[in-house]
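# Structural features, examined
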Amino acid sequence: EWGSMAKNTPGTITLVGSGEMSPSMGKLHRQVISRIEGPVRPVFLDTPAGFELNADQIAERAIEYFDKHLGLDLGVVTFKAASAANPERIERALRQLREANYIFAGPGSPTYAIRNWRDTPILRAMAQRLANGAHLVFASAAAIAVGRHSLPVYEIYKVGEEPHWVDGLDLFEPYGFELAIVPHWNNNEGGVYDTRYCFVGQPRMRVLEQALPATAAILGVDEYTACILDLGGGEAQVMGAGK
């Protein structure tokens, strides 16, 4: 049942197909923020792009975006790599997450995010905050990572591995969903070749569909589009360019 494991009313998970820090998506962030009573305490979690040399610049862009478009001070929760996190860093990150009521994560690598969040206090803290009413906004790589079945997009699209799913972090399991989340659903950056379905294209997506268990559902999210899943209210809302 919806929210059956949560003592309090759970919050929302918002899945963003792309453009999470574009001016046009400010309306989405404001819509989620409007659900918060009292002070808004947003944080950006930098793990999905923790391996990239410009990871700090991505976080700085998020800070600037929240200041310019939302008028909010955005905290940064730094957890770039589980292997590099000492107890002091972990405790600081956990303190920030426990105080936050708006947790935002986005670009990077889905499989990197999965490896570095799985079985960590960071993931447990996010799940607990969600259960207790906080609002989580996951875009692109982070959105893929939190499903039950996750798309290893770089490994397939860039490295040439056969189409397959990997075990995701499954934040939705307590709420009765078995999801494979696919952002960039209607991507057309390839021009003359098919980059729909998060760059894997239709032939590979057909293989991927067949590889899922019958109990699972693919949730595709178009570019510059978001799906707000209200786990406490049992409702979903779609916002942005997609229909």
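Heads up: these notes are all about the structure in this document. Per chain, residues are indexed from 1 in the order of the written sequence. Totals for whole chains, interfaces and linings use every residue, but because this is a predicted model, local features are given only for residues with pLDDT of at least 70 and side-chain atom pairs only at 80 or more, for both listing and counting. Excluding hydrogens and water, the side-chain values take into account all heavy atoms of the structure.

Each helix is a run of H or I in the DSSP string that is no shorter than four residues. Each strand is a run of E no shorter than two, and both are numbered from the N terminus. What the protein chain contains, in helices and strands, is eight helices and eleven strands. A radius of gyration in this sense is built from C-alpha atoms; the matching globule rule multiplies 2.2 Å by the number of residues raised to 0.38. Relative to its length of 243 residues, the protein chain is compact, with a C-alpha radius of gyration of 17 Å against a globular reference of 18 Å. Reported as C-alpha extents along the three principal axes, the dimensions of the protein chain are approximately 45 × 40 × 35 Å. Relative accessibility thresholds used throughout: buried, under 20% of the residue-type maximum; exposed, over 50%; partly exposed, between the two (1.4 Å probe, protein chains only). The burial tally for the protein chain puts 54% of its 243 residues in the buried class. Contacts are assigned to residue pairs with any non-hydrogen atoms lying within 4.5 Å of each other. Long-range pairs, those at least 24 residues apart, make up 73% of the contacts in the protein chain with a sequence separation of at least 6.

Let's shift gears to the pattern of salt bridges. We define a salt bridge as a contact between a side-chain nitrogen of Lys or Arg and a carboxyl oxygen of Asp or Glu at a distance within 4 Å. A complete count under the given rule lists six salt bridges for this structure. Arg 196 is the partner of Asp 194 in a salt bridge, and the nearest nitrogen-oxygen pair spans 3.0 Å. Under the relative-accessibility criterion, Asp 194 is labelled partly exposed at 27%. One continuous salt-bridge network, built from bridges that share partners, spans Asp 46, Asp 56 and Lys 80.

Moving on, we come to the pairing of strand β2 (residues 42–45). Residues of β2 alternate between two faces, with Pro 42 and Phe 44 on one and Val 43 and Leu 45 on the opposite face, all of them buried. Between any two strands, pairing holds if DSSP finds at least two bridges. With three bridges connecting them, β2 and strand β4 (residues 102–105) associate as parallel partners. Looking at the pairing, Val 43 lines up with Ile 103 of β4. In the sheet, β2 pairs with strand β3 (residues 75–77) via three bridges, with the strands oriented parallel. Bridge pairing in β3 links Leu 45 to Val 77.

With that settled, consider the state of the cysteines. Our working definition of a disulfide is a cysteine sulfur pair at a distance within 2.5 Å. Applying the stated criterion across every chain, the model contains zero disulfides. With no disulfide of its own, Cys 198 lies closest to Cys 227 among cysteine sulfurs, the gap being 16 Å. Taking the relative accessible area as the measure of exposure, Cys 227 reaches 9% and is therefore buried.

Glycine aside, the phi torsion of most residues is negative, and most peptide linkages are trans. Look at Asp 119: it is not a glycine, yet its phi comes out positive at around 60°. With respect to the secondary-structure elements, Asp 119 resides in the loop between α4 (110–117) and α5 (121–131). You can call Asp 119 exposed: its relative accessible area is 66%. Phi is positive for Tyr 197, which is not a glycine, with a value near 60°.

Here we take up the sheet that holds strand β1 (residues 12–16). Within the open sheet, the seven strands sit side by side as β3-β2-β4-β5-β1-β10-β11. Their pairing is mixed. Only two strands of the sheet have a single neighbouring strand rather than two, namely β3 and β11 (235–240). Averaged over all pairs of adjacent strands, the angle between their axes in this sheet comes to 20°, without regard to strand direction. For β1 and strand β10 (residues 225–230), the ladder comprises five bridges, and the chain directions are antiparallel. For every element, the axis is a line fit to its C-alpha atoms; helices are fit only across the contacting stretch, and the angle between N-to-C directions ranges from 0 to 180 degrees.

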